[in-house]
Amino acid sequence: MDAIRALQKQLQEAQKVSNVRKISERNCVDLVQKLVLTGQVRLVHTANGKEWLTPEQLDQEIQDALAVSGGRLNVTELPGEVGVAIEHVESRVDHLRKQDASLRKLQGELLTSQYVLGVAQEVGESLEEAGCLAVADLASRFSLPAEFIKEAVLPHVDAPGLVAKQNAIYTGTHAARVEARARGALRGCTEPTALSQLAGRQGLDVDMLSAAAQRAVKSGVVLGKLQGSTFTPKAYSDAQASRLDSFFDSNQHLTLSLAKSAGVDVKDWVKSKKAEGVTLRTAFVSSHLVDSALASISEALSTESWIDAQPLLPPALAEGDACELLAHLESGRKLAPGAVVLGRVAMSSGFIRGIASQFEAEVKAAAERAMSAPAQAKAGKKAAAAAVDDDDDDGGSKKKGKRAAKGKKARSGEGDGVGDAKAGGGGSGESGVDDQAIWDLLAEKYPEIPVEAHAELTERLQPLLAAMVAEQQDALRSSLQSQQRALFEQAEKLVQERYEVLVLGSRALEAKDMQESPLQQHLLREAVTEPLHRMLAARLQESTGAAVEVTPANRKQSLDKLAAAEGSSKVASLSRLAAVLSKGKDAKDAKDAKEAKEPREDRRPAKGKKGDKEAKEEREEAEAAPADVSELYRAAAEDCHIFCRRVDKKREKAALQEKRAEHREKLKELAVSDSAQVFRLGLQLALIQDGVVGLLFPEEPWAFRIVAKALADEAVREKADALCGLLEAGEDAVALEAAVAEWREQALGGK
């Protein structure tokens, strides 16, 4: 500043000189700008464009403006106060805050430490007058954030015993006054009172009142109990406890509703009085009353009878209490052995067996019905379950494991079987004896038994009746099960054997790229048809109880019958396997009919429309037989609970050795006159020589020609093709016999 004043003085003296040496205002501005650009001086341009300020002068003017405003000023108001642009003001404000840590910038406003101390002084004065202030009120009063007040203002408040809570501040004197008022209010309570209501009546803060009440009760200054936000005075609790004691001594029980109305917890009351008894659903019953009821129950059970526990309890107790009392006695093993609890009724197992013995006629009729049509009832149950599965469409889960052909017996456990019997019955009952017949007998001969116990008693009777029915069925069932088991084992063996034939045959067709040839359908007919029929027959016999011989003619009808009995989802794999056979048969029949009408030489692939038609038929035939038919077969077998072991490389290699030895032995035994058989066995050995085993083909010329074209050895292929021609011609017997002999020797000479 001194340098600037010196420059100004020199400028004035220079301007007083003659006009020749005076400079204009524009020249002065240029000189000052030059000085600023060269960094010789630091100046800030004013808003009117005619003055400059040094940074230090601007800082001083900002501080003066802040002091004039009382230590609090918005930054946006400073440009109007000091006449400098906002960007220069903000820059100098940041510089001032770095130099003076007490200068705060809050929400665009500058606050000095003197202002904060002034606010703290005002808060202290207000606190001395009121004793308690809300932080939210202070924030609204001073237009400051609540957090700023708690962090920056309250630490400077000078008040004795100041206590700062989350939402309020108060002095120690105020806290003592609140505690004294709370103590007096609590001592004046004569019944349970909510602290929120008490705080509203006394004009106190709920949190402070709650804290004071907890301290008073804990220290024993106020006698009572604080449960949540409710205070119960000890005088009230003692009066209610005295009333409960008197009621219990007179009636030997205490209802939970009476205890609740008195504000007493039954568990705490029992513990404090050391009362002996049982807590039931709606009341606490003394041990004396329990022992009296137990004596009556034990007497009834010892005479093989029954008893209703409801009349043994006071009339004020509900039916659920009688049920719970019997359950308590049963769990504590205080009832006689063999006792059965049915809700509020206790019965001896001998009494239940006596009721079951009165159904001899019904049991005999049920056994006769079961033996005359044993599978109808079973099929009906499966059909109902299948219908539910189809409607829900939940997929379900397949039951694993080998299914025995025999049916399951509904037997009861060893001993009397009454106490351990599981719930059953409903409708016609698991024994075949109608539930209604049981209810009618109970209503006629035992009208005193509560109707509510009839359903559960029926569930106990049904297993006993089922065991009685089963005893009369054992002989016939044993014979039937043996027969079914034998049929199942035969079907299982056949299915397992044909599975290996199908897998090896499919791999052989794939190795020779003949999946689209007629040999594919031949493989399906030979390896799949009979096992499919056996599995269908076994499933039908199990579902319907009737032995059915399945043939290609009635296969679809049998499938429909099985689907109706078990549900379409349960026979989906069998249906898909049958569909493969049906499509393949239709394609084969159409092709055979066409070949029978045309000459042999016209069957060769032709160009044009005829060739296209034959190609289309071949494609349809290939689509009819899926490439993964072995997996379909295996899935169908698993649904019938027949396990098919997968054919791995080791088994395939062993099968190749077995088939080579088997074919060679058969070929040695055949005469040359059996030309077709010799040719077929030779082709099989040639395929084995190529590493292919298990290819099935019929002893027909068209099959021989297809297999011959697939041989790897060209010389063997040419001989086979020539022999096919001789077999088809059938004219030169001598040449045919010579060719067959040569073919046989060549086949036996191979490795």
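Residues numbered from 1 in each chain as written. Predicted model: local features only at pLDDT ≥ 70, side-chain atom pairs only at ≥ 80, totals over all residues. Heavy atoms only, no water.

Notes on the overall build of the protein chain
Turning to step 1, where the next piece is worked out: What the protein chain contains, in helices and strands, is 32 helices and 17 strands.
Turning to step 2, where the next piece is worked out: Taking all contacts inside the protein chain whose residues are at least 6 apart in sequence as the whole, residues at least 24 apart take part in 64%.
Turning to step 3, where the next piece is worked out: As presented, the protein chain carries roughly 42100 Å² of accessible surface, and 50% of it is formed by carbon and sulfur atoms. (Helix = DSSP H or I, 4+ residues; strand = E, 2+ residues; numbered from the N terminus. Contact = heavy atoms within 4.5 Å. Areas by Shrake-Rupley, 256 points an atom, 1.4 Å probe, with all protein chains shown as cover.)

Brief notes about the packing of helix 29 (residues 675-689) against helix 32 (residues 733-749)
Turning to step 1, where the next piece is worked out: Where helix 29 contacts helix 32, the axes come no closer than 9 Å and their chain directions differ by 30 degrees. With respect to helix 32, the element helix 29 is oriented roughly parallel. In terms of crossing hand, the pair formed by helix 29 and helix 32 is left-handed. Here S675, V678, F679, G682, L683 and L685 of helix 29 come into contact with helix 32, specifically with L736, V740, W743, R744 and A747.
Turning to step 2, where the next piece is worked out: In terms of residue class, the contact of helix 29 with helix 32 is built from eight nonpolar, two polar and one charged. (Axes fitted to C-alpha atoms, helices over the stretch in contact; angles between N-to-C directions. Parallel < 35°, antiparallel > 145°, perpendicular 65-115°, else oblique. Left-handed = near helix turned anticlockwise from the far one by under 90°. Nonpolar A, V, L, I, M, F, W, Y, C, P; charged D, E, K, R; others polar.)

Looking at the sheet that holds strand 5 (residues 109-111)
Paired through their backbone hydrogen bonds, the strands of a sheet run either parallel or antiparallel.
Turning to step 1, where the next piece is worked out: Pairing is antiparallel in the open sheet, where three strands are placed in the order 3-5-4. On the outer flanks of this sheet lie strand 3 (72-74) and strand 4 (104-106), each paired with one strand and no other. Between one strand and the next, the sheet's axes are offset by a mean angle of 25 degrees, whatever the strand orientation.
Turning to step 2, where the next piece is worked out: With three bridges joining them, strand 4 and strand 5 adopt antiparallel strand pairing. Each bridged residue has a counterpart across the sheet, and for R104 the counterpart in strand 5 is L111. (Pairing = 2+ DSSP bridges.)

Focus: the UniProt feature "coiled-coil region" (unreviewed entry) in the protein chain
Turning to step 1, where the next piece is worked out: Here the UniProt feature "coiled-coil region" (unreviewed entry) sits at residues 646-673.
Turning to step 2, where the next piece is worked out: Helix and strand shares over residues 646-673 are 75% and 0% respectively, and the end C-alpha atoms of the span are 39 Å apart. (UniProt positions renumbered as here; feature names shortened; annotations may be inferred.)

Quick look at the nonpolar core
The tendency in soluble globular proteins is for nonpolar side chains to be buried side by side.
Turning to step 1, where the next piece is worked out: In this structure, M535, L574, L577, F679, L683 and F697 are the most contacted members of the largest nonpolar core, which totals 70 residues.
Turning to step 2, where the next piece is worked out: Other than its neighbours up to four places away in sequence, L574 contacts L532, M535, L536, R539, L559, L562, A636 and C640.
Turning to step 3, where the next piece is worked out: Core analysis: the next-biggest nonpolar cluster, separate from the first, contains 25 residues, V433, A453, L464 and V469 among them. (Core = buried A, V, L, I, M, F, W, Y, C linked by side-chain atoms within 4.5 Å. Buried < 20%, exposed > 50% of the residue type's maximum accessible area, 1.4 Å probe, protein only.)

Section: the pattern of salt bridges
Turning to step 1, where the next piece is worked out: Tallied over the entire structure, the rule returns 19 salt bridges.
Turning to step 2, where the next piece is worked out: Two residues, D690 and K512, come together in a salt bridge whose shortest N-O distance is 3.1 Å. Of the two residues, D690 is situated in the loop between helix 29 and helix 30 (701-709) and K512 in the loop between helix 21 (454-511) and helix 22 (519-527); the sequence distance between them amounts to 178 residues.
Turning to step 3, where the next piece is worked out: With a closest N to O distance of 2.9 Å, R705 and D721 form a salt bridge. (Salt bridge = Lys/Arg side-chain N within 4 Å of Asp/Glu carboxyl O.)

Some points on the confidence of the model for the protein chain
Turning to step 1, where the next piece is worked out: For the protein chain, the average pLDDT comes to 74, and 77% of its residues sit at 70 or higher.
Turning to step 2, where the next piece is worked out: In the predicted structure, residues 390-427 sits below a pLDDT of 50 and forms 59 contacts with residues beyond four places in sequence or in another chain.
Turning to step 3, where the next piece is worked out: Every residue in residues 586-591 is under pLDDT 50, and counting partners more than four places away or in other chains gives four contacts. (pLDDT = per-residue confidence, 0-100.)

With respect to the pairing of strand 17 (residues 345-348)
Turning to step 1, where the next piece is worked out: Both faces of strand 17 are covered, namely the face carrying V345 and M347 and the face carrying A346 and S348.
Turning to step 2, where the next piece is worked out: Taken together, the three bridges between strand 15 (residues 306-308) and strand 17 define a ladder with antiparallel strand orientation. Looking across to strand 17, one finds that I307 is bridged to A346.
Turning to step 3, where the next piece is worked out: In this structure, strand 16 (residues 339-342) lies alongside strand 17, joined through four bridges in antiparallel fashion. Residue pairing across strands places L342 opposite V345, the latter belonging to strand 17.

What about the pairing of strand 14 (residues 283-286)?
Turning to step 1, where the next piece is worked out: In strand 14, alternate side chains face the same way, and those of A283 and V285 on one face and F284 and S286 on the other are all buried.
Turning to step 2, where the next piece is worked out: Sheet analysis places strand 12 (residues 253-255) next to strand 14, joined by three bridges and oriented antiparallel. Paired with T255 across the two strands is A283, which belongs to strand 14.
Turning to step 3, where the next piece is worked out: Where strand 13 (residues 277-279) hands over to strand 14, the hairpin turn is made up of three residues, counted between the paired strands.

What about the state of the cysteines?
Turning to step 1, where the next piece is worked out: Taken as a whole and judged by the stated rule, the model has zero disulfides.
Turning to step 2, where the next piece is worked out: Left without a disulfide partner, C640 is nearest to the cysteine sulfur of C644, which lies 9.8 Å away.
Turning to step 3, where the next piece is worked out: Relative accessible area serves as the criterion here: at 1%, C644 is assigned to the buried category. (Disulfide = S-S within 2.5 Å.)

Describing the packing of helix 10 (residues 195-202) against helix 11 (residues 206-219)
Turning to step 1, where the next piece is worked out: Between helix 10 and helix 11, the least distance of the axes is 9 Å, while the angle of their chain directions is 115 degrees. As for the relative orientation of helix 10 and helix 11, their crossing is right-handed in sense. Contacts from L195, S196, L198 and A199 of helix 10 reach helix 11 at V206, L209, S210 and A213.
Turning to step 2, where the next piece is worked out: By residue class, the composition of the contact of helix 10 with helix 11 is six nonpolar, two polar and no charged.

Points about the side chain of R634
Turning to step 1, where the next piece is worked out: Mapped onto the fold, R634 is located in helix 27 (residues 629-639).
Turning to step 2, where the next piece is worked out: Taking the relative accessible area as the measure of exposure, R634 reaches 10% and is therefore buried.
Turning to step 3, where the next piece is worked out: Every residue in contact with R634, bar those within four places of it in the chain, is listed here: Y499, F643, C644 and R646.

Observations concerning helix 31 (residues 714-729)
Turning to step 1, where the next piece is worked out: Look at helix 31: 23 Å from first C-alpha to last across 16 residues, which is about the 22 Å you get at 1.5 Å a residue.
Turning to step 2, where the next piece is worked out: Among the residues of helix 31, those classed as buried are V716, A720, L723, C724 and L727. Mapping the buried residues of helix 31 onto a view down its axis gives an arc of 110 degrees, with all of them on the same face.
Turning to step 3, where the next piece is worked out: Measuring from the side-chain oxygen of the N-cap residue of helix 31 to the backbone nitrogen of A715 gives 2.9 Å; that N-cap residue is D713.
Turning to step 4, where the next piece is worked out: Remark: G730 follows helix 31 within two positions and exhibits a positive phi of approximately 65 degrees. (Expected span 1.5 Å × (residues − 1). Arc of directions from axis to C-beta. Polar contact = N/O pair within 3.5 Å; in protein donor to acceptor, adjacent residues only side chain to side chain.)

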